[in-house]
Amino acid sequence: MFEKLDVFEKRLEEINQKLCDPAVLADQQTYTELLKESSSITPIVEKYREYKSARQQAAEAEELLGDREMHELAKEDLAQAQQAAEQAAEELKLLLLPKDPNDDRSVIVEIRGGAGGEEAALFSAVLYRMYSMYAQSRRWEIELLNVNETELGGFKEISFMIHGQGAYSRLKYESGVHRVQRVPETETQGRIHTSTATVAVLPEVDDVEVTIDPKDLQIDTFRSSGAGGQHINKTSSAIRITHLPTGMVVECQDERSQYKNKDKAMKVLRSRLYEQEQRKQDAQVAAQRKSQVGTGDRSERIRTYNYPQGRLTDHRIGLTLYRLEDLLNGNLDEVIDALITADRAEKLAQEEEQS
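Structural notes, computed from the coordinates. (Residues numbered from 1 in each chain as written. Predicted model: local features only at pLDDT ≥ 70, side-chain atom pairs only at ≥ 80, totals over all residues. Heavy atoms only, no water.)

### Comments concerning the sheet that holds strand E6 (residues 217-222)
Backbone-to-backbone hydrogen bonds pair the strands of a sheet. The strands run either parallel or antiparallel.
Here comes step 1: Spatially, three strands are ordered E6-E7-E8 in an open sheet, and the strand pairing comes out antiparallel. Strand pairing shows two members of the sheet lacking a second neighbour, E6 and strand E8 (248-252), which therefore form its edges. Strand-to-strand, the axes of this sheet are offset by a mean angle of 15°, without reference to chain direction.
Here comes step 2: Of the pairings in the sheet, the one linking strand E7 (residues 238-243) to E8 comprises five bridges and is antiparallel in character. Directly across from Ile241, in E8, lies its bridge partner Val250. (Pairing = 2+ DSSP bridges. Helix = DSSP H or I, 4+ residues; strand = E, 2+ residues; numbered from the N terminus. Axes fitted to C-alpha atoms, helices over the stretch in contact; angles between N-to-C directions.)

Following this line, the structure appears as structure tokens:
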């Protein structure tokens, strides 16, 4: 591990020198790439230097143990330095875990009503509000892509982009089946119903990362439509793209411009194809996937929202919180932080087993 850390330290010094080079400053692409690399390894190097400093302090304190006058003080300093070194070493292990290459990306979120009819659609609207408020709390930008609204204001399906540095690193754990237990607005007997909605979180990808042959696409236009006459256009501006090799269908009708809708639909299609390829790769390391919290399979029930008890339970890590209203208002950091911590712990345990 420490040989690798020495390499990081030398590389950071090299980058810092290059960033002062006028030739590099004039090359915007190289300059940006170096800045990005610097930001990724700086926390590792800083923690490594902290570790080395603690080890040095421990060595100095150990030398003083033989001095009668300094023995007690040196013993105390040694214990503190050893504890600091151990803590820094543990934190370094976490920092050195392989990073998900998609973590810094923006995301496309797709929410679909599942079992439960109109109540599932209404729950989809609740989830959309929750993620919107969470995004706003982190000052991320939300861009609506497509909405299929019901008469009561629910969503049969809704897709939207969240633009923000690190959005995928925070939201990737939300993919899966979300279950709600509550008395529906349409229920006259006051009985609790169970409904579901599925959430898919896809990393946004660039054009060059996924090659799509135009011959593989069937593009249809149609008139936008919506519940209660909303979003209705007299022109055929809505776009439906079918990817013939996979049968994947993407619709976008939020914009009044056909070209803007096509551009948004292509973004969603690229992200879906990218995710599909990732899932194929993940299947090749299925044993590893089972040992991680991961990003959740779309068919996996990951969470329950119980209104009568004011309870949210994440089934993957056994986390239960009794402040449902607060969480539905977008205050999700406690849940997401717990998922990240659990995922890192399991990855770290696996790394130690393999080493």
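What follows picks up the thread again.
### Thoughts on a nonpolar patch on the surface
Here comes step 1: On the surface, Leu64, Met70 and Leu73 cluster together into a nonpolar patch covering about 240 Å² of accessible area.
Here comes step 2: The residue Met70 is located in the loop between helix H3 (28-63) and helix H4 (71-95) in this model. (Patch = residues over 30% accessible without salt bridge, like charges linked within 9 Å, V, L, I, M, F, W, Y side chains within 5 Å. Areas by Shrake-Rupley, 256 points an atom, 1.4 Å probe, with all protein chains shown as cover. Salt bridge = Lys/Arg side-chain N within 4 Å of Asp/Glu carboxyl O.)

### Quick notes on the side chain of Ser195
Here comes step 1: Within the secondary structure layout, Ser195 lies in strand E5 (residues 193-203).
Here comes step 2: Setting aside chain neighbours within four positions, we find Ser195 in contact with Ala115, Gly116, Glu119, Ala120, His178, Arg179 and Val180. (Contact = heavy atoms within 4.5 Å.)

### Some remarks on the nonpolar core
Side chains that are nonpolar tend, in soluble globular proteins, to be buried together.
Here comes step 1: By size, the foremost hydrophobic cluster in this structure holds 38 residues, and its most contacted members are Ile111, Leu127, Tyr131, Ile162 and Tyr305.
Here comes step 2: Counting only elements with at least two residues in this core, the list comes to strand E1 (107-113), helix H5 (118-137), strand E3 (155-163), helix H6 (167-171), E5, strand E11 (319-321), helix H9 (324-328) and helix H10 (333-354).
Here comes step 3: Broken down by element, this core gets its largest block of residues, nine residues, from H5.
Here comes step 4: Those residues in contact with Leu127 that lie beyond four places of it in its chain are Ile111, His178, Ala197, Val199 and Tyr305.
Here comes step 5: If you look at the next biggest cluster of nonpolar residues, it comprises 19 residues, including Met248, Val250, Cys252 and Tyr274. (Core = buried A, V, L, I, M, F, W, Y, C linked by side-chain atoms within 4.5 Å. Buried < 20%, exposed > 50% of the residue type's maximum accessible area, 1.4 Å probe, protein only.)

### Some words on H3
Here comes step 1: For H3, with 36 residues, the first-to-last C-alpha span of 51 Å sits near the 52 Å given by 1.5 Å per residue.
Here comes step 2: The largest bend in H3 comes to about 40°, at Ile41, with the proline Pro43 one to four residues further on. (Expected span 1.5 Å × (residues − 1). Bend = angle between axes of the 7 residues up to and from the residue.)

### Overview of the side chain of His243
Here comes step 1: Residue placement: His243 occurs in strand E7.
Here comes step 2: Side-chain polar atoms of His243 contact the side chain of Thr246, separated by 2.8 Å.
Here comes step 3: The residues contacting His243, other than those within four sequence positions of it, are Ile212, Asp216, Leu217, Met248, Leu269 and Leu273. (Polar contact = N/O pair within 3.5 Å; in protein donor to acceptor, adjacent residues only side chain to side chain.)

### Here we look at the packing of aromatic side chains
Here comes step 1: Scanning the model with the defined rule gives four aromatic pairs in all.
Here comes step 2: Each ring, one from Tyr128 and one from Phe155, has its centre 5.8 Å from the other, and the planes form 80°; the classification is edge-to-face. Taken as a pair, Tyr128 in helix H5 and Phe155 in strand E3 lie far apart in primary sequence, 27 residues in all.
Here comes step 3: Ring centres 6.0 Å apart and planes at 85° place the aromatic pair Tyr134 and Trp140 in the edge-to-face group. Each member of the pair Tyr134 and Trp140 is classed as buried.
Here comes step 4: Counting every residue linked through ring pairs, the aromatic cluster contains Tyr128, Phe155 and Phe160. (Phe/Tyr/Trp six-rings, centres within 6.5 Å; stacked < 30°, edge-to-face > 60°.)

### What about the pattern of salt bridges?
Close approach of charged atoms allows side chains with opposite charge to pair.
Here comes step 1: If you walk through the whole model with that rule in mind, you get 24 salt bridges.
Here comes step 2: The salt bridge involving Arg138 is made with Asp333; its shortest N-O contact spans 3.1 Å. Taken together, the residues Arg138 in the loop between H5 and strand E2 (141-149) and Asp333 in helix H10 connect sequence positions 195 residues apart.
Here comes step 3: Within this structure, Glu9, Glu13, Arg49 and Lys52 form a network of salt bridges that share partners.

### What about the pairing of E1?
Along any regular strand the residues' side chains alternate between the sheet's two faces.
Here comes step 1: Where burial is concerned, most of E1 is hidden: five out of the seven residues are buried.
Here comes step 2: In terms of strand pairing, E1 meets E3 through six bridges, oriented antiparallel. Within the sheet, the bridge partner assigned to Arg112 lies in E3 and is Glu157.
Here comes step 3: Relative to E5, E1 is paired through seven bridges, and the arrangement is antiparallel. Each bridged residue has a counterpart across the sheet, and for Ile108 the counterpart in E5 is Leu202.

### A short note on the environment of Asn331
Here comes step 1: By the element assignment, Asn331 lies in the loop between H9 and H10.
Here comes step 2: Placed 197 residues apart in sequence, Asn331 and Tyr134 show a C-alpha to C-alpha distance of 6.3 Å.
Here comes step 3: For Asn331, the side chain forms a polar contact with the side chain of Asp326, separated by 2.4 Å.

### With respect to the sheet that holds E3
Here comes step 1: The mixed open sheet is built from eight strands, whose spatial order is E2-E3-E1-E5-E4-E9-E10-E11. Of all strands in the sheet, those bounded by a partner on one side alone are E2 and E11. Mean inter-strand twist for the sheet, computed between neighbouring axes without regard to direction, equals 15°.

### Overview of unusual backbone geometry
Here comes step 1: Even without being glycine, Arg139 reaches a positive phi, approximately 60°.
Here comes step 2: By the element assignment, Arg139 lies in the loop between H5 and E2.

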